[in-house]
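# Topology and contacts: notes
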Amino acid sequence: MRAMVYRGPYKVRVEEKDMPPIEHPNDAIVRVTLGAICGSDLHLYHGMMPDTRVGMTFGHEFIGVVEEVGSGVANLSRGDRVMVPFNIFCGTCWFCARSLYSNCHNVNPNATAVGGIYGYSHTCGGYDGGQSEFVRVPFADVGPTIIPEWMDDEDAVLLTDALPTGYFGAQLGDIVEGDVVVVFGAGPVGLFAAKSAWLMGAGRVVVIDHLEYRLEKARTFAHAETYNFTEYDDIVVHMKKITDHLGADVAIDAVGAEADGNLTQHITAAKLKLQGGSPVALNWAIDSVRKGGTVSVMGAYGPMFSAVKFGDALNKGLTLRMNQCPVKRQWPRLFEHIRNGYLKPSEIITHRIPLEHIAEGYHIFSAKLDGCIKPLVVPNAG
Amino acid sequence: MTYTSDKPPLPETTEQLRARIPGWGADLDPKDRPSVPKLRWQEDRTGAHWDFPERQPERWPRERSIEHAFLTPVFGTSCPPRGVSGALRRFSYRRFSEGRAAHWLLLLAADRVDAWENHLRSFATARPDNPITETGVLSEFSRHGFSSRFGKKRADAGHHLLDPVIVAGPWVLAGGLAYSGVRAALRRRRR
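Because the structure is a prediction, the values reported are computed rather than measured.

## Looking at the overall build of chain B
A count of helices and strands for chain B gives 8 helices and 0 strands. Beginning at the N terminus, the succession of helices and strands in chain B can be written as α-α-α-α-α-α-α-α. Taken over C-alpha atoms, the radius of gyration comes to 28 Å for chain B, far larger than the 16 Å a tight globule of 191 residues would show. Here the C-alpha coordinates of chain B stretch approximately 90 × 60 × 40 Å along the principal axes.

In structure tokens:
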């Protein structure tokens with residue numbers, strides 16, 4: 001089969017790989033019909049995530065058709081059209097039993113601090129991902145769901161991570177009616193978080209970024225008020241000015257490990273790998289939110305330490321909330337929102353990259369060329 | 001006004017927001033939010049029909065965190081450790097917990113070693129690594145590399161210049177060392 005493989009920092013290519021075997025009675029093999037590159041894939045691509053091995057296939061956002069099922073699979077059959085959450089989870093450990101699917105304890109031998117994720121290094125379990133023609137899906141009776149007839153493939157693929165993560169980020173903000181919500185980052189997760197904040201009754205939603213084309217999308221797609229941080233001497237001071245010097249009630253970090261805005265932080269984290277991530281957006285969130293407010297972290301960070309301003313968080317009495325999104329938990333409510341026309345996730349898709357051109361896809365997304373917001377990956381694009 | 005007890009006024013009323021934003025307030029009640037409360041007991045186990053999952057066969061000694069009691073019943077089988085990078089990885093997992101910086105720094109070092117082991121190995125195959133095609137850098141010409149960056153007030157434009165150094169630098173260095181080595185060997189042979 002054809003699959004994307006990692007060849008070292010900033011280098012990927014498509015290779016012929018063996019078909020994934022059934023390794024466990026509850027495995028399924030899924031033929032991927034549509035995948036995506038996630039912003040967090042760029043942390044792997046840039047060599048930031050420890051134990052990212054040459055030869056691994058990335059990709060934790062994908063949908064497809066069940067090709068084969070293991071002897072113990074009861075809920076899926078060959079030919080089912082399925083969406084697969086980016087979390088791999090067992091359904092019965094202490095965490096899964098309490099709906100924390102992203103924290104499953106039975107799927108990742110390499111680390112206890114993170115659950116299992118498709119195509120996301122050995123730190124997240126060593127599973128190959130879905131930027132390929134076929135992928136092994138463990139716990140097929142637990143994770144995947146049959147895609148409803150009425151749902152478009154392009155909406156479905158964004159339901160496997162980006163949309164639920166943004167929606168989850170807004171939920172962790174504990175938004176109450178009339179709250180001022182500031183979202184750092186106008187990428188896919190930030191756009192969905194901003195859009196979701198309105199569903200929860202926000203009174204004002206502000207989005208901060210440095211890419212003008214993404215801020216334009218935040219205005220049109222997420223109905224948000226936007227600011228380009230490069231136009232201000234200090235974006236934190238500006239946030240105070242526009243909130244009557246109170247600060248936002250809720251701040252959401254939708255940037256994560258490669259945040260720009262402070263060259264020292266960016267270089268030490270993203271280039272020299274001396275931090276788990278560049279916490280520029282997180283520090284801005286801590287400083288922009290009002291005392292007693294809530295910071296929700298959806299941006300991905302590596303397991304190493306990062307230079308986060310915990311003193312400010314302590315002295316301001318902030319609530320810091322974060323987790324990898326337990327995707328399947330969000331689905332029933334998000335299905336309703338899509339059906340009601342409140343959300344149309346596929347509106348943020350900008351590029352559809354054939355699998356064979358995956359190296360260009362990564363470069364375009366990484367370097368933010370060509371107005372790229374969300375690239376899909378199309379296997380067998382012809 | 002912040003310096004008094006009043007909350008600063010909002011630019012729009014609830015009615016205006018409801019009229020402007022599709023779905024505004026649909027999840028106003030926390031009971032409608034799927035992740036509230038944080039811990040929610042799952043009676044149906046999301047489709048699982050076991051108390052503890054059957055164990056996946058261990059086809060080679062699988063490295064694991066020493067913070068785990070045992071090898072998890074299911075695990076990924078991509079890219080088994082091998083070579084010097086594999087030895088570094090195995091040592092890191094065997095010796096250090098996730099709480100130790102040494103664990104992660106060793107794994108990061110192993111990643112760099114792994115990349116070079118594989119680059120060198122690729123030169124003995126019909127498909128050697130090619131940093132031009134594998135970085136996708138040619139899309140700079142087909143996907144508006146110049147106009148996407150310049151005059152756009154992008155905060156990342158400055159350090160983009162570092163990327164070619166990070167990618168090409170080790171290749172240039174390795175090429176230079178290989179050239180010097182071959183030249184020195186030839187000189188010794190001529191003497």
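## As for the UniProt feature "domain: Alcohol dehydrogenase-like C-terminal" (unreviewed entry) in chain A
Using the residue numbers shown here, the UniProt feature "domain: Alcohol dehydrogenase-like C-terminal" (unreviewed entry) corresponds to residues 188–260 of chain A. With 40% helix and 22% strand, the stretch residues 188–260 of chain A has end C-alpha atoms that lie 17 Å from each other.

## Topic: the packing of helix 4 (residues 162–172) of chain A against helix 5 (residues 188–199) of chain A
Residues and elements named next belong to chain A. The N-to-C vectors of helix 4 and helix 5 enclose an angle of 50°; their axes lie 7 Å apart at closest approach. The pairing of helix 4 with helix 5 is recorded here as oblique in orientation. Where helix 4 crosses over helix 5, the two elements pack in a sense that is right-handed. Taking contact as the criterion, the partners of Ala162, Leu163, Thr165, Gly166, Tyr167 and Ala170 in helix 4 are, on helix 5, Pro188, Val189, Phe192, Ala193, Ser196, Ala197 and Leu199. Grouping the amino acids of the contact of helix 4 with helix 5 by side-chain chemistry returns 10 nonpolar, 3 polar and no charged.

## Overview of the UniProt feature "domain: Alcohol dehydrogenase-like N-terminal" (unreviewed entry) in chain A
Taken from the UniProt record, the annotation "domain: Alcohol dehydrogenase-like N-terminal" (unreviewed entry) applies to residues 25–142 of chain A. Structurally, residues 25–142 of chain A comprises 8% helix and 25% strand, and the distance from its first C-alpha atom to its last is 13 Å.

## Observations concerning the domain arrangement of chain A
All names here are of chain A. Under the domain assignment, chain A is made up of domain 1 (2–161 + 326–378) and domain 2 (164–322). Put simply, the middle of domain 1 and the middle of domain 2, counted by C-alpha atoms, are 25 Å apart. On the side of domain 2, 26 residues touch domain 1, which itself brings 33 residues to the contact. Both faces considered, domain 1 and domain 2 share a buried interface measuring about 2400 Å² in area, 69% of it formed by carbon and sulfur atoms. The three residues of domain 1 that bury the most area against domain 2 are Met48, Ile348 and Ile373, which together make up 26% of that side's buried surface. The tally of links from domain 1 across to domain 2 stands at 0 salt bridges. If you look at where domain 1 meets domain 2, you find 9 residue pairs in polar contact (both at pLDDT 80 or more). For the side of domain 1 that touches domain 2, the element with the most residues is helix 11 (residues 327–339), which contributes 6 residues.

## A word on empty space enclosed by the protein
It is a probe the size of a water molecule, rolled over the atoms, that shows where empty space is left. Residues and elements named next belong to chain A. On inspection of all chains with the given rule, the structure shows 5 cavities of 30 Å³ or more. Around the largest cavity sit His43, Met48, Met49, Ala257, Gly276, Ala300, Tyr301 and Gly302, which together line it. Here the lining of the largest cavity spans two domains, and each of domain 1 (2–161 + 326–378) and domain 2 (164–322) adds at least three residues to it.

## Describing helix 11 of chain A
Residues and elements named next belong to chain A. Helix length check: helix 11 (13 residues) gives 18 Å between terminal C-alpha atoms against 18 Å at 1.5 Å per residue, within 8%. A maximum bend of about 35° is found in helix 11 at arginine 333. Of all 13 residues in helix 11, 10 are buried, a share of seventy percent or more. Every buried residue of helix 11 is listed here: Val327, Lys328, Arg329, Gln330, Trp331, Arg333, Leu334, Phe335, His337 and Ile338. Packing partners of the buried residues in helix 11 comprise strand 5 (81–84), strand 6 (87–88), strand 9 (145–146), helix 4 and helix 5. Backbone geometry just downstream of helix 11 places glycine 341 in the positive-phi region, at approximately 80°.

## Some words on the UniProt feature "transmembrane region" (unreviewed entry) in chain B
Cross-referencing UniProt, the feature "transmembrane region" (unreviewed entry) maps to residues 165–186 of chain B in the present numbering. Regarding residues 165–186 of chain B, the helix share stands at 100% and the strand share at 0%, and the terminal C-alpha atoms are separated by 30 Å.

## Topic: the pattern of salt bridges
A full pass over the atoms with the stated rule returns 42 salt bridges over all chains. Asp27(A) is the partner of Arg136(A) in a salt bridge, and the nearest nitrogen-oxygen pair spans 2.7 Å. Of the two residues, Arg136(A) sits in strand 8 (residues 134–137) while Asp27(A) sits in the loop between strand 2 (11–16) and strand 3 (28–36), which places them 109 residues apart along the sequence. Like Asp27(A), Arg136(A) is buried. The partner of Asp312(A) in a salt bridge is Lys309(A), and the shortest N-O contact between them spans 3.1 Å. The exposure class assigned to Asp312(A) is partly exposed, which follows from its relative accessible area of 27%. For Lys309(A), a relative accessible area of 35% corresponds to the partly exposed category. One connected set of salt bridges, linked through shared partners, spans Asp51(A), Arg53(A), Arg62(B), Glu63(B), Arg89(B), Asp111(B) and Asp114(B).

## Focus: the sheet that holds strand 12 (residues 225–228) of chain A
All names here are of chain A. Across the sheet, 6 strands lie side by side as 12-11-10-13-14-15; this open sheet has parallel pairing. Looking at which strands have only one partner, the edges of the open sheet turn out to be strand 12 and strand 15 (319–322). Each neighbouring strand pair of the sheet contributes to a mean axis angle of 20°, computed without reference to strand direction. Sheet analysis places strand 10 (residues 180–184) next to strand 11 (residues 204–209), joined by 5 bridges and oriented parallel. Paired with valine 181 across the bridge in strand 11 is valine 205. Helix-sheet contacts for helix 6 (residues 212–220) involve strand 11 and strand 12, and the interaxial angle to strand 12 is about 170°. Strands in contact with helix 9 (residues 280–288) are strand 10, strand 13 (248–253) and strand 14 (289–297); relative to strand 14, the strand with the most contacts, it is inclined by about 150°.

## Quick look at the environment of Leu88(B)
Summarising the element assignment, Leu88(B) is placed in helix 2 (residues 83–95). Considering only alpha carbons, one finds Leu88(B) and Val74(B), 14 residues apart in sequence, at a separation of 24 Å.

## So, the side chain of Ser346(A)
Considering the arrangement of structural elements, one finds Ser346(A) in the loop between helix 11 and strand 16 (351–354). Those residues in contact with Ser346(A) that lie beyond four places of it in its chain are Glu154(A), Asp155(A) and Leu158(A).

Cut-offs applied
- Residue numbers run consecutively from 1 along every chain, following the written order of its sequence.
- Here the convention is simple: chains get letters from A, ligands get numbers from 1, in the order in which they are written.
- Totals for whole chains, interfaces and linings use all residues, but because this is a predicted model, local features are given only for residues with pLDDT of at least 70 and pairs of side-chain atoms are given and counted only at 80 or more.
- Note: side-chain values were computed over all heavy atoms of the structure, leaving out hydrogens and water.
- Comment: elements are numbered from the N terminus, with helices defined as DSSP H or I runs of at least four residues and strands as E runs of at least two.
- Just to be clear, the radius of gyration here is over C-alpha atoms, and the globule rule we use is 2.2 Å times residues to the power 0.38.
- UniProt positions are given in the numbering used here, feature names are shortened, and annotations may be inferred rather than shown by experiment.
- What counts as an axis is a line fitted to C-alpha atoms, over the stretch in contact for a helix, and the angles between N-to-C directions run from 0 to 180 degrees.
- Note on terminology: angles under 35 degrees are roughly parallel, angles over 145 are roughly antiparallel, angles of 65 to 115 are roughly perpendicular, and the others are oblique.
- What makes a crossing left-handed is the near helix being turned counterclockwise from the far one by less than a right angle; a clockwise turn instead makes it right-handed.
- Whether two residues touch is decided by their heavy atoms; if any such pair falls within 4.5 Å, the residues are in contact.
- Classification convention: Asp, Glu, Lys, Arg as charged; Ala, Val, Leu, Ile, Met, Phe, Trp, Tyr, Cys, Pro as nonpolar; all other residues, Gly among them, as polar.
- Boundaries of every domain are those given by an automatic assignment or by a domain database.
- Buried area is a sum: the accessible area each of two parts loses on coming together, probed at 1.4 Å, counted once for each and added.
- For this document, the term salt bridge refers to a Lys or Arg side-chain nitrogen within 4 Å of an Asp or Glu carboxyl oxygen.
- Nitrogen and oxygen atoms within 3.5 Å of one another constitute a polar contact, given that in protein one can donate a hydrogen and the other can accept it, and given that sequence-neighbouring residues count only through two side-chain atoms.
- Using a 1 Å grid laid over the protein atoms alone, points where a 1.4 Å probe fits but cannot get out form a cavity; open sets with protein on both sides within 12 Å along at least 5 of 7 lines form a pocket; any residue with an atom within 4 Å of a point counts as lining.
- Grid points are joined across faces, edges and corners, and a volume is the space filled by probe spheres set on the points.
- Here a helix's expected span is defined as the number of its residues, less one, multiplied by 1.5 Å.
- Here the bend at each residue means the angle between axes fitted to two seven-residue stretches, the one ending at that residue and the one beginning there.
- Type-normalised accessible area, obtained with a 1.4 Å probe on protein chains alone, sets the label of each residue: buried when under 20%, exposed when over 50%, and partly exposed for intermediate values.
- At least two bridges found by DSSP between two strands are what make those strands a pair.

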